[in-house]
Every structure is written in C-alpha cells, then in structure tokens.
Amino acid sequence: MSPAISLTSSTRMSDSLSEIQYQKGVKHLHENGIDKVPNKYILPITERPSTGNESHFKENIKLPVIDFAELQGPTRSRVLKALTKACEQYGFFQVVNHGISTDIIHRMTEVCKRFFELPFDERLKYMSTDMKAPVRYGTSFSQNKDGVYCWRDFLKLVCHPMPDHFLSQWPSSPKDLRTQAATYSKETRNLFMMLMEAILESLGLCTSELNFTEEKEILEEFQEGSQIVVANCYPPCPEPELTLGMPPHSDYGFLTLLLQDEVKGLQIQFEEKWLTVEPIPNAFVINIGDHLEIFSNGRYRSVLHRVLVNQEKTRVTVASLHSLPFDRVIQPSPKLISKNNPRRYLDTDFATFLEYISSCEPKTKAFLESRKLN
Ligand code: OGA
Ligand code: NI
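The model shown is predicted, which means the values in this text are computed figures rather than measured ones.

**Q** Explain the coordination of the nickel ion (ligand 2) to me, please; I cannot follow it from the model alone.
**A** Put simply, a metal with four donors set out as a tetrahedron has ideal angles of 109.5 degrees, and one with six donors set out as an octahedron has ideal angles of 90 or 180 degrees. For the nickel ion (ligand 2), the full set of protein donor atoms is His249 (NE2), Asp251 (OD) and His305 (NE2), at a range of 2.1 to 2.2 Å. Taken in chain order, the donor set of the nickel ion (ligand 2) reads H-x1-D-x53-H. You can see Asp251 sitting in the loop between strand S7 (246–249) and strand S8 (255–260) and its partner His305 sitting in strand S12 (residues 305–307), a full 54 residues away along the chain. The burial state of Asp251 is the same as that of His305; both residues are buried.

**Q** Whenever I open this one, the site of ligand 1 confuses me. Can you help?
**A** Neighbouring ligand 1 are the residues Asn232, Tyr234, Met246, His249, Asp251, Leu258, Leu266, His305, Val307, Arg315, Thr317 and Ala319. Side-chain polar atom of Asp251 to an oxygen atom of ligand 1: 3.2 Å apart, as the coordinates give it. In this structure, His305 approaches ligand 1 through a side-chain N or O atom, which is 3.0 Å from an oxygen atom. Only strand S6 (226–234), S7, S12 and strand S13 (315–323) provide two or more residues apiece to the shell around ligand 1. The dominant element in the shell around ligand 1, judged by the number of residues it contributes, is S13, at 3 residues.

**Q** Can you walk me through the nonpolar core in this structure?
**A** Among soluble globular proteins, nonpolar side chains are generally buried collectively. Counting 64 residues, the largest nonpolar core has Leu255 and Leu292 as its most contacted members. Those residues in contact with Leu292, other than ones at most four positions away along the chain, are Met196, Ile199, Leu203, Gly253, Phe254, Leu255 and Tyr300. In terms of nonpolar packing, the next biggest core, distinct from the first, is built from 22 residues, Tyr90, Phe92, Leu258 and Phe367 among them.

**Q** Help me understand the packing of aromatic side chains, please; the structure alone is not making it clear to me.
**A** For any two aromatic rings, the description comes down to two numbers: the centre-to-centre distance and the angle of the planes. What the rule picks out here adds up to 10 aromatic pairs. With a centroid separation of 5.9 Å and an interplanar angle of 75°, the aromatic rings of Tyr41 and Tyr149 are classed as edge-to-face. One end of the pair, Tyr41, is in the loop between helix H2 (26–31) and strand S1 (60–61); the other, Tyr149, is in the loop between strand S4 (135–139) and strand S5 (153–160), and 108 residues separate them in sequence. The exposure class assigned to Tyr41 is buried, which follows from its relative accessible area of 0%. Pairing Phe115 with Tyr126 gives two aromatic rings, centres 6.3 Å apart and planes at 55°, and the pair type is tilted. In this pair, Phe115 sits in helix H5 (residues 102–116) while Tyr126 sits in the loop between helix H6 (120–124) and S4, placing the two residues 11 residues apart along the sequence. You'll find Phe115 and Tyr126 in the same group, each marked buried. Feature note: the residues Phe115, Phe116, Tyr126 and Tyr137 constitute an aromatic cluster, connected by ring pairs. Geometry around Tyr149 places Lys40 over its ring, the cationic atom sitting 4.5 Å from the centre. One cation-aromatic arrangement involves Lys156 over Phe154; the distance from NZ or CZ to the ring centre is 5.3 Å.

**Q** Teacher, can you tell me more about the confidence of the model for the protein here?
**A** Regions with low pLDDT carry predicted coordinates that are not meant to be interpreted in detail. On average, the protein scores 87 in pLDDT, and the residues at 70 or more come to 89%. Contacts of residues 1–11 to residues separated by more than four positions or lying in other chains number 18 contacts, the stretch itself having pLDDT below 50.

**Q** Hey, could you run me through the sheet that holds S8 in this one?
**A** With mixed pairing, 8 strands are arranged side by side in an open sheet as S2-S3-S11-S8-S13-S6-S5-S4. Two strands bound the open sheet, and with one partner strand each, they are strand S2 (65–67) and S4. Along the sheet, successive strands turn relative to each other by an average axial angle of 25°, direction set aside. Bridge count between strand S3 (residues 92–96) and strand S11 (residues 284–288): 4 bridges; the pairing is antiparallel. Looking at the pairing, Phe93 lines up with Ile286 of S11. Across the sheet, helix H8 (residues 177–202) is in contact with S3, S5, S6, S8, S11 and S13; its angle to S8 comes to roughly 130°.

The rules behind the values
- Residues numbered from 1 in each chain as written.
- Chains lettered and ligands numbered in written order.
- Predicted model: local features only at pLDDT ≥ 70, side-chain atom pairs only at ≥ 80, totals over all residues.
- Heavy atoms only, no water.
- Donors = N, O, S within 2.8 Å, 3.2 Å for Na, K, Ca; no water.
- Helix = DSSP H or I, 4+ residues; strand = E, 2+ residues; numbered from the N terminus.
- Buried < 20%, exposed > 50% of the residue type's maximum accessible area, 1.4 Å probe, protein only.
- Near = heavy atom within 4 Å.
- Polar contact = N/O pair within 3.5 Å; in protein donor to acceptor, adjacent residues only side chain to side chain.
- Core = buried A, V, L, I, M, F, W, Y, C linked by side-chain atoms within 4.5 Å.
- Contact = heavy atoms within 4.5 Å.
- Phe/Tyr/Trp six-rings, centres within 6.5 Å; stacked < 30°, edge-to-face > 60°.
- Lys NZ or Arg CZ within 6 Å of the ring centre and 35° of its normal.
- pLDDT = per-residue confidence, 0-100.
- Pairing = 2+ DSSP bridges.
- Axes fitted to C-alpha atoms, helices over the stretch in contact; angles between N-to-C directions.

Here it is as structure tokens:
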C-alpha cells in the first residue's frame with residue numbers, strides 16, 4: 001500500500017507515538033484517549049469507507065433468513081431452495097432458531113469482552129505472530145504485513161483438531177474463558193456440521209437419508225475438519241471515516257459462523273456496493289468461504305466483506321471458521337464438473353494459503369483469484 005496522506009492540516013499529536021504503541025493494539029490506543037487517528041491507520045483516500053459526506057452506514061441489507069428449525073422439519077426442501085438462492089446471490093445468510101442457547105451465546109460474547117478489558121500485560125502474554133500458534137492475540141489484520149493498520153484487536157483460538165496441550169495454552173484469564181470457549185466451539189461445530197449437510201444436499205451431493213457411502217465419507221471428513229474461533233474487538237474510533245476495522249476480504253474456509261453484537265459494522269459487497277448487515281439478536285451470520293466456492297466449482301460465492309468502526313461503541317464479534325482438515329487438498333467436487341461446466345479452480349491447501357498470505361498484504365480476493373483457472 002502507498003503511504004497514506006493526512007487530509008487535515010492540524011498536527012496529529014498521536015503521530016509521535018512509536019511503532020511499539022501500535023503493536024499494542026487499538027484497545028490500548030483508545031484507552032490512552034487519543035482524539036485523532038494516527039497516520040498508521042489512515043487508509044489511502046480510495047480505500048476509505050466513504051466518499052462524500054453521506055453516512056457510510058446508510059444502505060442496509062436484510063440478509064436472507066434461514067429458519068434452522070424449519071430446515072430440520074417437513075419444510076426442508078423449501079428451505080433448501082432458499083438456502084441455495086442465498087448462497088448463489090449473496091454468499092451470506094442469517095440463521096435463526098439454530099438451537100444454540102442464548103445463554104451460551106451471551107456467555108461467550110461476554111467472556112471475550114472481559115478478555116479485551118484485561119490489563120494490557122495480561123493480554124500481551126498471548127501476543128504472537130506465529131500463524132500456527134494454538135492461541136494468538138494480535139492487532140490489525142496481518143500485523144507483520146499490513147502497511148496501514150486496521151482498527152481491530154483479536155484473539156484467535158484453534159479449536160479443532162485440538163490436542164490436550166492446546167487447551168492449557170488458551171488464556172487462563174478470565175477464569176471461565178477456557179470452559180466458555182470450549183462449549184461455544186463444540187456447539188458451533190455441531191451447527192456447522194448440520195449446515196454443511198444441508199449445503200451439500202442443496203448442491204445435489206448428499207441426501208438427507210445419507211444412503212451413499214461417498215456422501216457419508218465427505219461428512220466424516222468435515223467431522224475431522226479444522227475450526228478456528230476468532231474474537232474481534234473494535235473499540236470506538238475518533239475518526240471512523242479514515243480507517244476500517246477489517247479491510248475487504250473473503251474468508252478462507254468452507255463456512256464462517258459469525259456472532260455480532262447489536263452494534264452495526266459488517267458490510268458485504270453486493271452489485272458493486274457496500275451494504276451494512278442489520279444485526280438480528282442472537283442469530284448467526286453465515287458466509288461462504290473460498291474453499292466452498294472452489295468445492296462448488298464457483299456455484300456458491302465467497303463474497304468480499306469488510307468492517308466499519310464507529311465513534312461511540314466498542315463492537316465485539318466472534319467468528320467461527322470451519323474447513324476440512326488443515327492438510328487436506330481442496331478441489332472442485334468431481335460431481336460438479338462436467339463437459340458443460342468444466343473445472344474452474346486449481347487445487348489448494350492450507351499451507352499454500354498460509355504461504356500466500358505471509359508473502360503479501362492480504363487484500364481483497366487475491367488468494368481465491370490466484371486459484372482460478374482461466
Ligand atoms: C472475519 C470477519 C466480521 C466482523 O472475522 O473474518 O469478517 O464483523 N468478521 O467482525
Ligand atoms: Ni471475514
């Protein structure tokens with residue numbers, strides 16, 4: 001990225017902050033009461049969230065809502081059609097009546113909030129730039145690579161597969177974090193499995209009775225698959241129009257299950273426009289990741305999304321990212337390839353992805369693009 005140019009003529013006091021201050025994250029900056037965004041966070045004009053002075057939250061989108069209880073009942077085929085349409089059109093939908101209790105949801109968001117409120121030194125213990133660490137606290141998007149930083153701190157937990165020694169590396173404070181996160185990841189993994197089954201069925205790859213060994217095998221592989229839970233914290237930002245909580249990106253896996261609190265921030269790209277997702281309390285926002293786009297040979301779309309920040313409220317979200325086992329090669333399902341619909345993507349795996357994102361600034365859908373066949 002090119003160096004950002006400050007729009008204001010007044011001196012940015014906070015620019016005297018050292019690089020070390022930025023490495024401490026945005027919660028730290030917010031707590032130190034800055035009233036201007038340091039240059040490190042100012043995006044080049046063309047990448048800022050809004051042009052002109054209209055509110056950049058203006059255009060909202062009501063994502064298709066999938067009633068999970070209905071999906072499990074006699075109306076399954078109708079709901080599957082709605083699911084297909086949502087995956088093709090938006091790459092996003094919301095799920096209600098998903099069966100995960102509001103208690104579990106609230107306790108998870110709440111314990112994450114308490115983690116971000118811990119004294120900085122406590123959070124620092126988990127700071128790591130090792131992409132494969134079982135626990136990783138950090139700031140921005142890709143702390144080592146980002147030329148301009150994002151207004152976001154995060155806590156990343158590898159939840160599956162999970163050898164015993166991983167749990168002992170998860171934060172020991174707040175005291176209930178490990179149990180809450182373990183419960184939460186188990187519940188979201190079950191939900192992911194049921195959603196994945198529905199999605200395979202919607203692609204014509206799986207019947208609800210699971211008569212075929214082949215289909216059973218795919219689901220068994222997902223059972224062994226990877227899960228990473230990421231808690232994101234977006235503290236109030238003095239100049240939200242100059243920066244982003246997360247830059248435009250697509251998610252790498254099959255599905256992401258996102259829990260957002262009541263504060264708006266998530267935007268998805270639809271027909272060249274950025275639209276703000278209206279939060280539904282206790283619902284999950286589900287989106288198709290790169291692996292599912294590849295697996296479906298382009299039928300289901302992994303859509304760009306980004307995060308806006310605001311001046312008033314801290315926003316905390318919890319994303320659960322799911323895919324096949326880390327070492328598994330992802331490729332278009334042979335059943336979705338035909339003479340009329342030839343293979344559109346190269347094989348890929350997690351190692352290739354890691355290599356890719358650590359070699360460049362992760363921007364837009366560059367990784368997915370790099371896997372496309374012409
Ligand atoms: C993500 C993501 C959106 C949000 O974690 O990949 O897109 O609103 N999060 O936090
Ligand atoms: Ni995302």
